[in-house]
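Listed below are the residues making up each chain.
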Number of protein chains: 2
Amino acid sequence: MVETESDEILRNADTEDVSLLVVGDPYGATTHTDIVLRARALGIPTRIVHNASIMNAVGACGLQLYNFGQTVSLVFFTDSWRPDSFYDRIRENADLGMHTLVLLDIKVKEQSEENLARGRKIYEPPRYMSIPQAVSQLVEVEDSLKAGTLAPESTLAIALSRVGGGPDERIVAGTLAELLAQPPEVYGEPLHSLIVVGKRLHHLEVEYAERFAVNRETWRDVAGRVYGCALD
Amino acid sequence: MVETESDEILRNADTEDVSLLVVGDPYGATTHTDIVLRARALGIPTRIVHNASIMNAVGACGLQLYNFGQTVSLVFFTDSWRPDSFYDRIRENADLGMHTLVLLDIKVKEQSEENLARGRKIYEPPRYMSIPQAVSQLVEVEDSLKAGTLAPESTLAIALSRVGGGPDERIVAGTLAELLAQPPEVYGEPLHSLIVVGKRLHHLEVEYAERFAVNRETWRDVAGRVYGCALD
């Protein structure tokens, strides 16, 4: 893990070339910004090679990148920790008509509370939040806050799996209720991401994404009736 | 140009492999979304290979990608056409504390009005909007609207040139007034982009970008006093 082993990564980097290969764009995560700052403090020159990132590859669903507002992260709810601050962020975007990219939690190299307490370096199996779990968390918070930003029947969303143009990429579009009703296998293997569609929706975006719709009729109906998109 | 020659590009694409190589991510521009839709209508299968894009490579300045709101385009002002709708978009982001990426106009393969009217395929030399021109347009609109979103002395911005980690990449940070006061050569060759910094600014972002500041004292002073960032 970059967070805990940055000293190790940087150990001889003042005298030899060290490369750190990451998933996505290096600047997509604060962790990588942090290791650049540490390197800089040690007088080690750095050079960044950019890469495609989920932050721009989401364009694959046909929604325009310049219509996205701030990006939101959704963490695994536990019995005692169900933070709902993401809802306000999505609402801020929604109030402006912007789309929201929701990045779903991943847990890798996590220790159970017991193993952590006992200092045992035993790690839990990796977990990746799936689309159904993400949507159910969104709907749960909507049920509790009832502000209407994520009303299941009238909020359009697009689910993305393994974005990158490869054969296991999946894109599924529909209302939150429709996405929730799909069998999990529809979404394929992780990593999953979710987009909450904003109201400043262009008819070309609707048309492009229609091919991914669970139900084309609902997709067009909600886009027209609720989102106010003028469709043919 | 992809817009005018998409028929040519797609002509034999049903029987042979055709590749279209673009700058940035293919889905960063509606033009490319459009050609995919045309191909699809003709029954031509498409495959996208994603790439780094200015939309995520801006992270190079140290501002966090998830704190960016909608992206804005700034066009060349002419004597008769000085559209200021970008200002409202930046203000929407600013009201939420979000950063705004401002993409600067480029004019390539443009005809003069006279040549266009006479049907002469004579093209003007390419023009790329520079940082000083962009900032002066922002300040002009602020002077006219006086809503305070782009107050020159108290708005932080980051100028980026040729982002990509290469030797001619330049990043310059400061107030709008400071950026405007720099000699043009500070910004190097095009392409240029500009970020208007939002108020939900984290001290790590300030610290990271400080190395790019025209004047570190002003940078930290405005970040602390105007943006409310708690700095050491």
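Shown above is the structure to which this text applies.
Quantities reported herein were computed from a predicted structural model and do not represent experimental measurements.

**Remarks on the relation of the copies chain B and chain A**
With an RMSD of 0.0 Å, the fit of chain B onto chain A corresponds to turning through 180° and sliding 0.0 Å along the axis. Each copy turns onto its partner about a two-fold axis. When you check the interface residues of chain B against chain A, 100% turn up at the interface there too, and the contact is symmetric in its surfaces.

**Focus: unusual backbone geometry**
Cis geometry is found at the peptide bond from Pro190(A) to Leu191(A), where omega equals 5°. Looking at where Leu191(A) falls in the secondary structure, it is placed in the loop between helix H7 (176-181) and strand E7 (192-196). At Lys109(A), a residue that is not glycine, the phi angle is positive and equals roughly 55°. With respect to the helices and strands, Lys109(A) occurs in the loop between strand E3 (106-107) and helix H5 (113-117). Lys109(A) sits in the partly exposed class, given a relative accessible area of 40%. For Lys146(B), which is not glycine, the phi dihedral falls at a positive 50°. The residue Lys146(B) is located in the loop between helix H6 (131-145) and strand E5 (156-161) in this model.

**Quick notes on the sheet that holds E7(A)**
Residues and elements named next belong to chain A. With respect to topology, five strands assemble into an open sheet ordered E1-E2-E7-E5-E6, the strand pairing being mixed. The sheet terminates laterally at strand E1 (72-74) and strand E6 (170-175), the two strands that pair on one side only. Recorded for the sheet is a direction-independent mean angle of 25° between the axes of neighbouring strands. Two strands pair when backbone bridges link them, and strand E5 (residues 156-161) and E6 are joined in this way by six bridges, in the antiparallel orientation. Paired with alanine 157 across the two strands is glycine 174, which belongs to E6. Most of the contacts of helix H6 (residues 131-145) go to E7, to which it runs at about 35°, and overall it touches E1, strand E2 (100-104), E5 and E7. On top of the sheet, helix H9 (residues 216-225) reaches E5 and E6; it is set at about 130° to E5, its chief contact.

**Some words on a nonpolar patch on the surface**
Side chains of Ile106(A), Tyr128(A) and Leu191(A) sit close together on the surface and give an oily, nonpolar patch of about 270 Å² of accessible area. Residue Leu191(A) is classed as partly exposed on the basis of its relative accessible area, which comes to 44%.

**Remarks on helix H9 (residues 216-225) of chain B**
Residues and elements named next belong to chain B. By the burial criterion, the buried members of H9 are Trp219, Val222 and Ala223. The arc that holds every buried residue of H9, seen down its axis, measures 100°, which confines them to one face. Of the exposed residues in H9, the ones pointing more than 90 degrees away from its buried face are Glu217 and Arg225. Of the surrounding secondary structure, the elements contacted by the buried residues of H9 are E5, strand E6 (170-175) and helix H8 (203-209).

**What to know about the environment of Val214(B)**
Residue and element names in this part refer to chain B. Among the structural elements, valine 214 can be located in the loop between H8 and H9. By relative accessible area, which is 33% here, valine 214 ends up partly exposed. It is 20 Å that separates the C-alpha atoms of valine 214 and glutamine 137, two residues lying 77 residues apart in sequence.

What counts and what doesn't
Residues numbered from 1 in each chain as written. Chains lettered and ligands numbered in written order. Predicted model: local features only at pLDDT ≥ 70, side-chain atom pairs only at ≥ 80, totals over all residues. Heavy atoms only, no water. Least-squares fit on C-alpha atoms with pLDDT ≥ 70 in both. Contact = heavy atoms within 4.5 Å. Helix = DSSP H or I, 4+ residues; strand = E, 2+ residues; numbered from the N terminus. Buried < 20%, exposed > 50% of the residue type's maximum accessible area, 1.4 Å probe, protein only. Pairing = 2+ DSSP bridges. Axes fitted to C-alpha atoms, helices over the stretch in contact; angles between N-to-C directions. Patch = residues over 30% accessible without salt bridge, like charges linked within 9 Å, V, L, I, M, F, W, Y side chains within 5 Å. Areas by Shrake-Rupley, 256 points an atom, 1.4 Å probe, with all protein chains shown as cover. Salt bridge = Lys/Arg side-chain N within 4 Å of Asp/Glu carboxyl O. Arc of directions from axis to C-beta.

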